[in-house]
Amino acid sequence: MNNLKIVRTLALLAACMAFTVVMLGAATRLLDAGLGCPDWPGCYGRLVVPQAHIAAQFAPHAPLEAEKAWMEMIHRYLAASLGLMAMLLVFFSWRARTQAPGLLRWTSLLLGLVIVQGAFGAWTVTLKLWPQVVTLHLLGGFSCLLLLSFIAWRVHQPEAAAVFRAVTQVPTVRRPRMLWLALLLLVLQIALGGWTSSNYAGIGCIGFPTCNGQWWPEMDFSSAFHLTQSIGPDYLYGQLHASARSAIQWTHRLVALALGLTLLALYWQAQRSEQRRAVLCCLGLYLLQVGLGIVLVVWSLPFPPALLHTAGAALLLLAVVYCGLIWPRQTEPVNQRQKTWHLAEEVI
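Numbering of residues begins from 1 in every chain and follows the order in which that chain's sequence is written. Given that the model is predicted, a residue must reach a pLDDT of at least 70 before its local features are reported, and side-chain atom pairs must reach 80 or more before they are shown or counted; all residues, however, enter totals for whole chains, interfaces and linings. As a rule here, side-chain values come from all non-hydrogen atoms in the structure, and water together with hydrogens is ignored.

(A) Region of the structure containing the overall build of the protein chain. Broken down by element type, the protein chain carries 11 helices and 2 strands. Helix and strand assignments follow DSSP, with helices taken as H or I runs no shorter than four residues and strands as E runs no shorter than two, numbered in order from the N terminus. Each helix (α) and strand (β) of the protein chain, taken in turn from the N terminus, gives the series α-α-α-α-α-β-α-α-α-α-α-β-α. Only protein chains enter the accessibility calculation, which uses a 1.4 Å probe. A residue is then buried if its area is under 20% of the maximum for its type, exposed if over 50%, and partly exposed in between. Taken over 348 residues, the protein chain has a buried fraction of 47%. For this analysis, residues touch if any pair of their heavy atoms sits within 4.5 Å. Look at the contacts in the protein chain between residues 6 or more apart in sequence, and 78% of them connect residues 24 or more apart.

Structural data, given as C-alpha cells:
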C-alpha cells in the first residue's frame, strides 16, 4: 500500500473517530459529567478511574461518581487517540508529498488544531466549565471533524486531474453569497448552541413557538452575552438568572429562523440539479434540527434527542460545506504566476 492510500484510509478512520469524540463530548456535557474527574489529564491522579477511597484521599471536596468519571475518561482516551492519528497523517502525508504536494499543510494544520483542542480540554476542567471555554472547545471539535472530512474527501479525488488540465486555464468557483451567509449563520448557530448548553439555557424558554407564553418575554441580553465575565468558582448547572437564559434561548431560535430562510433562498439560487439536491439535503437536515429543537423544549431536554441535535448540527455543517465544494466550476484565463499556484492547490 503506497503512502497516499494510507493517508486515505487514515483520514476516513480519523474522521469517523472525530465524529465519535464530538458525540462523546456532547454526551459528557449533557450528563453533567464535565467535572467527573476534577483534574487533568488523569482522574483523581490516576490514568484510570480509581476506587472511591483513593479518590477521596486525592480530592475529598469532589466525591467520586464512577459513571461520570468513566464517561469523562473515555472521552479523553479517544481524543488522545485522535491526536495520534493526526500525527500519523502528518507523517504519511510528508512521505506522499510528491504525489500530493499540498496535503502536508492541511494535515499539519489538523495536528495543530488537535493540540489546541487538548489545551481547551484541560481548561474546561481547570476553569470549572467556564462557558467561554466550553463553547470554544465545541467549535474546535467541529473544526477538527470538518477539516478531517475535507482531507478525506480531497484525497479520494482523482490525483491526476490537475496534471492534464490545460495550462492556460484553471477552474475557479464563484459561490453565491447566500452560501457564504448560510455558512456564517450556521457557525453562529452552532456557537449559540454551545453557549446555550454551557449556560444551561436549554429550557430558558418553556413552550413553542412562544417563550414562556409570550412572543417577547422578559430577557436580559447584557448578562446573557457577557463574554468578559469573571472565571469561577464553578459553572456546573450554570450561574445565569432566568431572564438571561431566556435571552440565550430566544436568540438561538431567531438565528435558526434566519438560517432556514437563507437555505431556502440558496435552494432557489442553485441552477444545476446536482447542487439543488445537495441544498435540498441541507434543508432536510435543517428541518430535522428544528424538529429536535422543538422536542427538546416541549419535553424538557430528553437525552437521546439532545444528543441527536448535536449530531444533526455536525451533519448539517458538513452538508453545507460539501455544497460549496461541489459548486459548478468555470474556467478562466490566468497569468503565468497564477498557474503554478492553482495547479498545486488543485492536487490538494
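(B) Broad picture of the packing of aromatic side chains. Only Phe, Tyr and Trp rings take part, Trp by its six-membered ring, and two of them pair if their centres are within 6.5 Å. Stacked means planes under 30 degrees apart, edge-to-face means over 60, and tilted covers everything else. For the coordinates displayed, the defined rule picks out 8 aromatic pairs. Ring centres of Tyr-267 and Trp-268 lie 5.5 Å apart, and the angle between their planes is 70 degrees; on these two criteria the pair is classed as edge-to-face. The buried category is assigned to Tyr-267, whose relative accessible area is 17%. Directly above the ring of Trp-94 sits Arg-97, whose terminal nitrogen or CZ lies 4.2 Å from the centroid. Taking NZ or CZ as reference, Arg-276 lies 4.9 Å from the ring centre of Tyr-267, over its face. Whether a charge sits over a ring comes down to the Lys NZ or Arg CZ being within 6 Å of the ring centre and within 35 degrees of the ring normal.

(C) Just the environment of Tyr-267, in detail. Within the secondary structure, Tyr-267 sits in helix H8 (residues 242-269). Along the backbone, Tyr-267 and Ala-278 are 11 residues apart, and their C-alpha atoms lie at a distance of 8.9 Å. When residues no more than four places from it in sequence are discounted, the contact partners of Tyr-267 are Arg-276, Val-279, Leu-280 and Leu-283.

(D) Structural context of the pattern of salt bridges. Salt bridge criterion: a side-chain nitrogen from Lys or Arg within 4 Å of a carboxyl oxygen from Asp or Glu. Throughout the structure, instances matching the rule amount to 2 salt bridges. In this structure, Glu-65 engages Lys-68 in a salt bridge whose closest nitrogen and oxygen atoms are separated by 3.6 Å. By relative accessible area, Glu-65 is classed as partly exposed at 43%. For the salt bridge of Arg-76 with Glu-72, the shortest nitrogen-to-oxygen distance reads 3.0 Å. On the criterion of helical spacing, the pair formed by Arg-76 and Glu-72 is a turn pair, its members being 4 residues apart in helix H3 (residues 66-95). In this pair, the class of Arg-76 matches that of Glu-72, namely buried.

(E) Local environment of the nonpolar core. By nonpolar core is meant a set of buried Ala, Val, Leu, Ile, Met, Phe, Trp, Tyr and Cys residues that side-chain atoms within 4.5 Å join together. Counting residues in hydrophobic clusters, the biggest one holds 57 residues, and the most contacted among them are Leu-89, Leu-110, Phe-142, Leu-148, Leu-259 and Leu-316. For this core, the secondary structure elements donating two or more residues are helix H1 (3-30), H3, helix H4 (103-126), helix H5 (131-155), helix H6 (177-198), H8, helix H9 (273-298) and helix H10 (303-325). The element best represented in this core is H5, accounting for 10 residues. Beyond its immediate chain neighbours, meaning those up to four positions away, Leu-110 contacts Ala-86, Leu-89, Cys-144, Leu-147, Leu-148 and Ile-151. Within the second largest apolar cluster, 11 residues are counted, among which are Ala-201, Cys-211, Met-219 and Trp-250.

(F) Fine view of the side chain of Thr-251. Looking at the secondary structure, you find Thr-251 in helix H8. Whenever a nitrogen or oxygen atom comes within 3.5 Å of another N or O atom, the pair is scored as a polar contact, on the condition that within protein one atom can donate a hydrogen and the other can accept it, and that pairs from neighbouring residues in sequence are kept only if both atoms are in side chains. A polar contact of 2.7 Å, which involves the side chain of Thr-251, links it to the backbone oxygen of Ala-247. Beyond its immediate stretch of four places on either side in the chain, Thr-251 contacts Leu-192, Phe-221 and Phe-225.

(G) Seen up close, the environment of Ser-222. When you line up the elements, Ser-222 lands in helix H7 (residues 221-224). For the pair Ser-222 and Ala-247, spaced 25 residues apart in the sequence, the C-alpha separation amounts to 9.2 Å. One polar contact links Ser-222 to Asp-220, side chain to side chain, over a distance of 2.8 Å.

(H) Here's a closer look at unusual backbone geometry. A cis amide bond links Trp-40 with the next residue in sequence, Pro-41, at an omega value of 5 degrees. The residue after Phe-208, namely Pro-209, is reached through a cis peptide bond having omega 5 degrees. Structurally, Pro-209 can be placed in the loop between H6 and H7. Phi at Asp-32 is positive, roughly 55 degrees, even though this residue is not glycine. Mapped onto the elements, Asp-32 comes out in the loop between H1 and helix H2 (52-58). Within the chain, Leu-129 stands out as a residue other than glycine whose phi angle is a positive 65 degrees. Within the secondary structure, Leu-129 is located in the loop between H4 and H5. The exposure class of Leu-129 is buried, given its relative accessible area of 10%.

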